[in-house]
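Here's the letter readout for the chains.
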Amino acid sequence: MRLQLITHSYLPERTPPQRRWTAFVEAFRAEGWDVDIVAPPADPGHVPAAGRSAPPAAGGASEAWGPRGERIHRTLRWPALGGTRDGRFLGHIVHAVAAIPVGLRACRPDLIVITVPALPTVVAGWTLSRLRRVPLIVEMRDAWPDLARDSKVSTGLLSRLMESLVTGTQRAADLVVTVTEGFAERLGERGISRVDVVGNGVPLAEIPAVPGRGRTAGSLNVLYLGNHGESQGLETVIRAAALVRGAPEGIDVRLVGAGTRRAALAALNDSLGAPVQMLEPVHGAELRDQYAWADTCLVTLRPDWPSFEWTVPSKTYELLAVGRHVTGIVMGEAARILEDSGAATLVAADPESLAALWRRLAREPESTAVGDRGRDWVALHADLPQLGRRFVERARDTVLRHADRRTPYNRH
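Described below are features of the structure shown in this document. Residue numbers restart at each chain and count upward from 1, following the sequence in its written direction. This being a predicted model, a pLDDT of at least 70 is required before a residue's local features are given, and a value of 80 or more before pairs of side-chain atoms are given or counted; all residues contribute to the totals for chains, interfaces and linings. Side-chain numbers here rest on the full set of heavy atoms in the structure, without hydrogens or water.

Looking now at helix α13 (residues 373-381). Each residue is placed in one exposure class: buried if its accessible area under a 1.4 Å probe, protein chains only, is under 20% of its type's maximum, exposed if it is over 50%, and partly exposed if it falls in between. Secondary structure counts use DSSP, requiring at least four H or I residues in a row for a helix and at least two E residues in a row for a strand, with both numbered from the N terminus. Buried residues of α13: Gly374, Arg375, Trp377 and Val378, and no others. Looking straight down α13, one finds its buried side chains confined to an arc of 160°; they lie on one side. Contacts are residue-level and defined by heavy atoms, with any inter-residue pair within 4.5 Å sufficient. On its buried side, α13 packs onto α10 (315-322) and α11 (332-341). This arc is taken over the directions from the axis of the helix to the C-beta atoms.

Moving on, we come to the packing of α11 against α13. Orientation is described by axes fitted as lines to C-alpha atoms, over the contacting stretch for helices, and by angles from 0 to 180 degrees between their N-to-C directions. Interaxial distance between α11 and α13 falls to 9 Å at its minimum, and their mutual angle equals 120°. Classified by the angle between their axes, α11 and α13 sit oblique to one another. In contact with Ile337, Asp340 and Ser341 of α11, α13 contributes Arg373, Gly374, Trp377 and His381. Its residues placed into classes, the contact of α11 with α13 shows 2 nonpolar, 3 polar and 2 charged. In what follows, roughly perpendicular refers to angles from 65 to 115 degrees, roughly parallel to angles under 35, roughly antiparallel to angles over 145, and oblique to any angle outside these ranges. Amino acids outside the nonpolar list (Ala, Val, Leu, Ile, Met, Phe, Trp, Tyr, Cys, Pro) and the charged list (Asp, Glu, Lys, Arg) are all regarded as polar, and Gly is one of them.

The next point concerns the side chain of Glu249. Mapped onto the secondary structure, Glu249 falls in the loop between α7 (235-244) and β10 (251-256). Not counting residues up to four positions away in its chain, the partners in contact with Glu249 are Gly218, Ser219, Leu220, Arg359, Ala362 and Arg363.

This part takes up the packing of α7 against helix α12 (residues 351-363). Between α7 and α12, the shortest axis-to-axis distance is 8 Å and the interhelical angle comes to 55°. In terms of orientation, α7 and α12 fall into the oblique class. Here α7 runs over α12; the crossing is right-handed. Contact with α7, carried on its side by Thr236, Val237, Arg239, Ala240, Ala241, Leu243 and Val244, involves Pro351, Glu352, Leu354, Ala355, Trp358 and Arg359 of α12 and no other residues of that element. Partitioning the contact of α7 with α12 into residue classes produces 9 nonpolar, 1 polar and 3 charged. Rotating anticlockwise by less than a right angle from the far helix to the near helix defines a left-handed crossing, while the corresponding clockwise rotation defines a right-handed one.

Judged by which residues are buried, strand β7 (residues 175-178) turns out to be covered on both faces: Leu175 and Val177 on one side and Val176 and Thr178 on the other are all buried. At least two bridges found by DSSP between two strands are what make those strands a pair. Of the strand pairs in this sheet, β7 and strand β8 (residues 195-197) are connected by 3 bridges, and their pairing is parallel. Residue pairing across strands places Thr178 opposite Val197, the latter belonging to β8. Note on handedness: a crossover is taken as right-handed if, strands pointing away from the viewer, the path from the first strand over the helix to the second is clockwise. In this view, the connection linking β7 to its parallel neighbour β8 by way of helix α6 (residues 181-189) has right-handed handedness.

Next up on the list: the layout of surface pockets. Unoccupied space between atoms shows up once a probe the size of one water molecule is rolled over them. Here a cavity is any set of points on a 1 Å grid over the protein atoms alone where a 1.4 Å probe fits but cannot get out, and a pocket is any open set with protein on both sides within 12 Å along at least 5 of 7 lines; a residue lines the site when it has an atom within 4 Å of a point. Grid points are joined across faces, edges and corners, and a volume is the space filled by probe spheres set on the points. In this structure, the second largest pocket spans a volume of roughly 290 Å³. The wall of the second largest pocket is formed by 16 residues, among which Val179, Gly199, Glu333, Ile337 and His381 lie closest to the centre. For the lining of the second largest pocket, the element with the most residues is α11, which contributes 3 residues. Counted by class, the lining of the second largest pocket contains 7 nonpolar, 5 polar and 4 charged residues.

A few words now on a nonpolar patch on the surface. Patches draw on residues past 30% relative accessible area with no salt bridge. Two like charges within 9 Å are joined, as are two nonpolar side chains (Val, Leu, Ile, Met, Phe, Trp, Tyr) within 5 Å. Surface exposure here means Shrake-Rupley accessible area, sampled with a 1.4 Å probe, where a residue is shielded only by the protein chains that are shown. What counts as a salt bridge is simple: a side-chain nitrogen of Lys or Arg found within 4 Å of a carboxyl oxygen of Asp or Glu. Judged by side-chain polarity, Val123, Leu161 and Leu165 come together as a nonpolar surface patch covering roughly 220 Å² of accessible area. Looking at the element boundaries, Leu161 is found in helix α5 (residues 157-172).

Before going further, it helps to spend a moment on the sheet that holds β7. Strand order in this open sheet of 8 strands is β3-β4-β2-β1-β5-β6-β7-β8, and the pairing throughout is mixed. Edge positions in the sheet fall to β3 (62-65) and β8, since each has one partner strand and no second. Strand-to-strand twist of the sheet, defined as the mean angle between neighbouring strand axes without regard to direction, takes the value 20°. Of the strand pairs in this sheet, strand β5 (residues 111-116) and strand β6 (residues 136-140) are connected by 5 bridges, and their pairing is parallel. Counted as the bridge partner of Ile114 is Val138 from β6.

Structure below.
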């Protein structure tokens, strides 16, 4: 059988959707599927320096073979649209429109999968599934459109139209796959009956544990590594760092990454006397160096968006896999996962509570020595190769159900 995936991020980028689907493509190929990937040109900001090459000429689409025998079809390259939320959304619209003719030029698939939250891709996926007369799986990696309402982006006409398209495509899809149980239940309450869960995770065999630095009482290194956006509420972290600056415990805090809120966060940090060290994104060996420096790593979501009750940051699984203690400023399903792992401490999303926790962790070195508890939890619940095999099973079942109603294509 043949799968066509429409995604906004794929190799050589290094992003959560890329990592997830690189593992899933390997699972499909292992089961004998042919795979076509429809993706935009790689964003240099998400590509490690060693993997960068000259971009294709502006306005030209390109094709290439991936490392697992998948065919990668690139959509039209667009001018730089900036790192703002509106700029990224416009880029996703351009990719979605271009994905339709690119997808039609590829071999006819037996199944089309679209992965969201690049919302405009739902239009391309729905259109291609109807033109090709093949089943459609919609993978919801975030709680959309709930998250759009919480973040106040569903206020304009275009945003409301996009919300209607997302909801309509969820209802029309042959299967909706979510990454959390909570959002699957939420969709079921809305009358969407064809919903299944294939959670997020990491390729555990490719992520070696990072030994702790063997700290003594009286010091603590705190690391946040990831997106600096509106969802994370990193203002709380900076204000907490200001409260412990100069404390006898010796607490150092780093924020590593980029995002739409980075400039505002840097301004807040400067206004408070720079209690936080802010670094650019890192990859490869530099990433491992950051984990080796850290005694505890932050997983944080702002507390005032209800959709975060059933949202789990993808970075959670990587932190558990490398063997770091996790400080969780989360609620709902994410909090339950961290608590179940036995490798985390949960704290309220306010600067005073976070500062008090850091002081306690600094005084108690054994409190951040989690051993293999995080890795053991990932091996049982969040190892991407296992999750990929589960997704392949759901895909095969979807194609076979569709074959009961229509004449299937591609009898290889």
